[in-house]
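If you want the building blocks of each chain, they are given just below.
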Amino acid sequence: MTTLEAGKIVGAGLDRVDAPLKVTGAAQYPNDFSFPGMAHAALVGSTIAAGRIRGIDVTDALAASGVLTVITHLNAPKLERGPMTLLGGSPPAPLQDDRILHYGQHVAVVVAESAEEARHAARLVRVQYEEAEALLDVDDPRAEIVVNPWGMDTERGDVAAGFVQADVVVEGTFTTPDNTNNPLGLMSTVAYWHGDSLTVHDSTQWPHNVRTSLATVFGIPESGIRVVAPFVGGGFGAGLRMWPHVILTVLAAREVNRPVKLVLTRPEMFTSVGHRPNSVQQIKIGATRDGDLVAIEHHGISSVAMEDDDYEPVSVGSAVSYACLNVLTRDRQARLNIPCPGSMRAPAEGQGNFALESAIDEVAYAVGLDPLEFRLRNYAEQHPILNLPWSSKALRECFLEGSERFGWSRRTQEPGSMRDGRWLVGYGLAGVSYPFYQVPCQARASVRRDGSAYVRSAATDIGTGTYTVMTQLAAELLGLDVTRVRFDLGDSDMPYSPQAGGSGLTGALGNAVHAACRRLVREFLDVVRDDAQSPLRGAADDDVTVTDGRIHRVGDPVQGESYVDILARHGLEELSADGRSTPPRTDDLGMAMAGAFGAKFVEVRIDPELGLLRVARVVSAIDGGRILNEKTATSQIIGGTVGGISQAMFEETATDQGTGRIANATFGDYLMPVNADVRDMDVIFVGGPDRATAIGTKGVGEIGLVGLAAAIGNAVYHATGRRIRSLPITIDQLML
């Protein structure tokens with residue numbers, strides 16, 4: 001009983017167990033919490049992008065109705081910078097000096113009796129600046145360049161010699177803009193102190209990180225901090241770091257000795273909680289006339305804040321995507337006067353795949369091969385760097401089954417050769433992957449006297465279905481109906497969990513739940529090991545299985561007894577067990593750890609006179625390992641598909657190059673797709689369980705977005721003969 005067997009619960013399209021709470025309004029998000037005597041905070045943001053504060057006058061603000069305090073760098077206490085985390089360093093602590101590093105930087109926080117009074121008083125704070133010239137462009141020669149920021153640059157073979165061998169060489173520059181995470185729920189924090197202890201309700205995707213970071217910033221023990229986030233209104237990566245506004249809320253609560261709530265405004269969401277950084281990528285690919293890749297060279301540069309870092313290796317995916325002997329990838333960052341970037345759904349791969357798969361498509365046309373055939377011809381059966389078999393890889397099946405479902409065979413090769421009335425029709429595809437990511441995790445499982453189970457871990461569910469799939473998994477492993485299992489999360493007092501991000505939580509948490517439930521069954525066997533009344537006396541782990549709330553011997557359901565009977569006979573109210581997961585290691589398994597793979601097929605329609613682009617349909621074929629819940633997994637891919645369409649055609653955070661101000665920081669100005677922009681979306685899952693872990697899953701949260709931009713761009717080329725190398729794809733690029 002070391003691995004999860006396919007059962008009647010896992011894999012089923014179970015409805016979300018948390019849905020009733022959400023649809024009835026009973027689910028409490030961070031900004032739903034209210035406490036007696038609670039005050040409210042509002043932020044004051046810088047109106048320049050670089051320079052210093054020459055003076056700050058809070059007289060009128062302090063005199064305003066309901067104001068309790070105004071905190072600036074002049075009266076803020078010394079705060080430590082947060083710690084290094086699994087995702088990199090923490091952002092700088094706020095209000096520590098007079099320097100301005102980006103437009104919208106928090107320069108003061110106002111605390112008042114009501115949110116309206118706090119916002120009014122914030123407008124009364126007068127700040128004088130000594131402005132400096134801001135660096136805002138990755139191509140600015142004055143910008144500091146960070147070379148190989150994460151030590152992930154790669155080189156194998158002889159790239160120069162490979163290009164000499166090439167019959168066809170394609171090269172180009174691809175650009176992607178800033179995008180901003182825009183979850184529907186505004187990020188919010190409620191903090192209150194009780195003596196030296198602190199409780200925080202926060203829109204976070206990682207409660208333990210907030211706890212650890214606050215302990216470092218304020219110099220207090222982690223044991224005195226509790227971070228609670230049972231429901232989070234989306235995140236897309238925005239909740240992966242502890243941002244300065246959280247620190248300011250906690251500081252304000254300490255200063256006024258009352259609970260304090262801070263809810264970011266929509267414009268503040270654009271400057272306070274990260275964004276996908278822009279990138280400029282040069283890619284060069286060489287191939288023989290027969291269609292064999294002989295060289296790939298991929299250089300990427302992306303923007304980063306002045307005193308921060310962000311994990312965004314846009315070129316690294318090119319090192320492992322295809323069977324090519326000669327590959328070089330290089331990444332750099334340019335330090336600019338911009339808000340701190342952060343992870344946004346499919347970080348790095350979302351940008352890098354656009355360049356790689358667009359260029360691969362261009363090479364396929366140059367050598368006269370169907371783009372699907374070209375990708376299959378250069379398929380990487382083994383990990384190209386490690387020369388080891390993958391723990392699982394069904395990308396070939398994704399290509400073949402996806403193309404069949406899509407009807408790729410109906411495609412004609414010549415660009416501009418397919419029409420439907422006045423509309424030009426284009427078919428495009430992209431091969432996609434997302435790297436393996438898993439870190440240690442813990443969970444605790446209990447079975448109570450009434451036969452119900454309670455399983456918990458400090459993870460978060462940002463809408464991905466964690467509540468549901470972990471309930472299913474625990475029910476399967478304990479042999480219970482899902483209605484008899486309660487799974488709780490989102491509380492730092494629970495066993496440690498990593499972040500909900502990087503497509504790593506399901507694997508890490510699922511394997512921890514697997515370990516906890518298996519250990520719990522073992523605890524029950526230990527209780528009856530010398531029990532003469534038990535038919536399970538002396539049974540070992542491998543001798544038993546679980547069904548309908550009973551532990552029984554394998555192949556003999558009669559020889560067993562229920563959890564309820566064991567607990568009652570031994571006078572126990574419950575039994576509990578802890579479980580932990582440890583990431584699998586390549587050296588131990590002799591396999592390359594595989595993330596998710598997929599193939600995206602897109603049909604577009606283009607009006608050649610008006611330059612209108614419409615995505616008519618998308619087929620996503622995904623190798624996600626074992627799928628714990630096909631309904632929630634499909635929902636993840638559909639959501640990612642919408643995000644990919646948005647990246648390809650709509651989203652661009654526009655920064656005024658004169659001031660550093662974000663010019664479209666509202667939902668009225670920042671373009672995103674609506675239902676009319678998202679037509680027919682089809683999702684199929686292929687492949688089987690991954691061999692690296694007991695439950696065999698691979699995350700599908702990120703893979704849904706990767707490749708849509710390239711597939712749409714490739715379809716545009718097929719429809720028009722025009723190769724698009726910058727996102728978003730706009731009307732002016734398509735006017736023929």
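Residues numbered from 1 in each chain as written. Predicted model: local features only at pLDDT ≥ 70, side-chain atom pairs only at ≥ 80, totals over all residues. Heavy atoms only, no water.

Colleague: Just checking my understanding: could you explain helix H11 (residues 466–478) for this structure?
Modeller: An α-helical turn contains 3.6 residues, so a residue and the one three or four places further along point in the same direction. Here H11 contains 13 residues, and its C-alpha end-to-end distance of 18 Å stays within 8% of the 18 Å for a straight helix at 1.5 Å per residue. Counting buried positions along H11 yields 13 of 13 residues, so the element is predominantly enclosed. One or two positions beyond H11, positive phi appears at Gly-479, with a value near 65°. (Helix = DSSP H or I, 4+ residues; strand = E, 2+ residues; numbered from the N terminus. Expected span 1.5 Å × (residues − 1). Buried < 20%, exposed > 50% of the residue type's maximum accessible area, 1.4 Å probe, protein only.)

Colleague: Hey, could you run me through the environment of Gly-224 in this one?
Modeller: Tracing the sequence through the fold places Gly-224 in the loop between helix H5 (207–218) and strand S12 (225–228). A sequence separation of 28 residues divides Gly-224 from Asp-196, and the C-alpha atoms of the two residues are 7.1 Å apart. Residues within four places of Gly-224 in sequence aside, it is in contact with Asp-196, Ser-197 and Leu-198. (Contact = heavy atoms within 4.5 Å.)

Colleague: Help me understand the sheet that holds strand S22 (residues 544–547), please; the structure alone is not making it clear to me.
Modeller: Strand pairing in a sheet relies on backbone hydrogen bonds. The paired strands run either parallel or antiparallel. Read from one edge to the other, the open sheet built from three strands follows the order S22-S23-S24, with strand pairing classed as antiparallel. Edge positions in the open sheet fall to S22 and strand S24 (556–562), since each of these has one partner strand only. The mean angle between the axes of side-by-side strands here comes to 35°, regardless of whether they run parallel or antiparallel. Here strand S23 (residues 550–553) runs beside S24; their pairing, made up of four bridges, is antiparallel. Bridging from a neighbouring strand, Arg-553 pairs with Asp-556 of S24. (Pairing = 2+ DSSP bridges. Axes fitted to C-alpha atoms, helices over the stretch in contact; angles between N-to-C directions.)

Colleague: Even after reading the chapter, I still don't get the pattern of salt bridges, so can you show me in this structure?
Modeller: When the charged atoms of two side chains with opposite charge come close together, those side chains can pair. Tallying each qualifying case throughout the model produces 40 salt bridges. Among the ionic pairs, Lys-631 bridges to Asp-15, the shortest N-O distance being 2.5 Å. A residue pair is termed long-range when its members are at least 10 positions apart, and Lys-631 in helix H15 (residues 630–649) and Asp-15 in the segment before helix H1 (19–23) qualify at 616 residues. Judged by relative accessible area, which is 52%, Asp-15 ranks as exposed. (Salt bridge = Lys/Arg side-chain N within 4 Å of Asp/Glu carboxyl O.)

Colleague: Would you mind showing me how to read the pairing of strand S21 (residues 485–488) here?
Modeller: Successive residues of a regular strand alternate their side chains across the two faces of the sheet. Relative to S21, strand S20 (residues 453–456) runs parallel, the two sharing four bridges. By the bridge assignment, Tyr-454 is partnered in S21 with Arg-486. Once the chain exits S20 it traverses H11 before rejoining the sheet at S21, and the crossover so formed is right-handed. (Right-handed = clockwise from strand over helix to strand, strands pointing away.)

Colleague: Mind showing me how you'd approach the environment of Asn-148 here?
Modeller: Looking at the element boundaries, Asn-148 is found in the loop between strand S7 (145–147) and strand S8 (154–156). Residue class for Asn-148 comes out partly exposed when judged on its relative accessible area of 29%. C-alpha separation for the pair Asn-148 and Gly-555, spaced 407 residues apart in sequence, amounts to 57 Å. For Asn-148, the residues in contact, after removing those within four places along its chain, are Asp-153 and Asp-331.

Colleague: Sorry, what's going on with the packing of aromatic side chains here?
Modeller: Geometrically, a pair of aromatic rings is defined through the distance of the ring centres and the angle of the planes. Applying the stated criterion across every chain yields a total of 16 aromatic pairs. Ring centres of Phe-35 and Tyr-192 lie 4.6 Å apart, and the angle between their planes is 50°; this geometry places the pair in the tilted category. With Phe-35 in the loop between H1 and strand S1 (39–45) and Tyr-192 in strand S10 (residues 188–194), the pair connects residues that are 157 residues apart, well separated along the chain. Take Tyr-192: its relative accessible area is 21%, and that puts it in the partly exposed class. A ring pair is formed by Trp-408 and Tyr-427, whose centres lie 6.4 Å apart and whose planes are at 35°; its orientation type is tilted. Placement of the pair is Trp-408 in the loop between helix H10 (395–406) and strand S17 (419–420) and Tyr-427 in strand S18 (residues 423–433), with a sequence separation of 19 residues. Ring pairs connect the aromatic residues Phe-406, Trp-408, Tyr-427 and Phe-601, which therefore count as one cluster. Over the aromatic face of Tyr-379 sits the side chain of Lys-393, whose NZ or CZ is 4.4 Å from the ring centroid. (Phe/Tyr/Trp six-rings, centres within 6.5 Å; stacked < 30°, edge-to-face > 60°. Lys NZ or Arg CZ within 6 Å of the ring centre and 35° of its normal.)

Colleague: Explanation requested: the side chain of Arg-345 in the structure shown.
Modeller: Along the chain, Arg-345 turns up in the loop between strand S16 (327–336) and helix H8 (349–366). Buried within the structure, Arg-345 lacks any salt-bridge partner; Glu-702 is the closest side chain of opposite charge, at an N-O distance of 5.2 Å. When neighbours within four sequence positions are excluded, Arg-345 is seen to be in contact with Phe-236, Arg-276, Gln-636, Gly-639, Gly-640, Gly-701, Glu-702 and Leu-705. (Lys, Arg positive; Asp, Glu negative; His and termini not counted.)

Colleague: What exactly am I supposed to notice about the nonpolar core here?
Modeller: Of all hydrophobic cores here, the largest spans 49 residues; its most connected members are Leu-478, Val-513, Phe-524, Ile-551 and Tyr-563. Those elements that provide at least two residues to this core are strand S19 (441–448), S20, H11, S21, helix H12 (505–527), S22, helix H13 (563–569) and strand S25 (574–581). Considering every element that reaches this core, the biggest residue donor is H12, with 11 residues. Among the nonpolar cores identified, the runner-up in size contains 46 residues, and Ile-645, Val-678, Leu-708 and Ile-724 belong to it. (Core = buried A, V, L, I, M, F, W, Y, C linked by side-chain atoms within 4.5 Å.)

Colleague: Looking at this structure, how should I read the state of the cysteines?
Modeller: Each disulfide consists of one covalent bond between the sulfur atoms belonging to two cysteines. For the coordinates displayed, the defined rule picks out zero disulfides. For Cys-517, which is in no disulfide, the shortest distance to another cysteine sulfur is to Cys-441 and amounts to 13 Å. Residue class for Cys-517 comes out buried when judged on its relative accessible area of 0%. (Disulfide = S-S within 2.5 Å.)

Colleague: When you look at the packing of H8 against helix H16 (residues 708–720) in this model, what are you seeing that I'm missing?
Modeller: Between two packed helices, the angle of one axis relative to the other and the distance separating the axes together describe the packing. Across the interface, H8 lies against H16 with an axial gap of 8 Å and an inter-helix angle of 30°. Classified by the interaxial angle, the pair formed by H8 and H16 is roughly parallel. The element H8 and its partner H16 pack so that their crossing is right-handed. Two secondary-structure elements touch here, H8 through Asn-353, Phe-354, Glu-357, Ser-358, Asp-361 and Tyr-365 and H16 through Ala-709, Ala-710, Asn-714, Tyr-717 and His-718. Within the contact of H8 with H16, the residues separate by chemical class into five nonpolar, four polar and two charged. (Parallel < 35°, antiparallel > 145°, perpendicular 65-115°, else oblique. Left-handed = near helix turned anticlockwise from the far one by under 90°. Nonpolar A, V, L, I, M, F, W, Y, C, P; charged D, E, K, R; others polar.)

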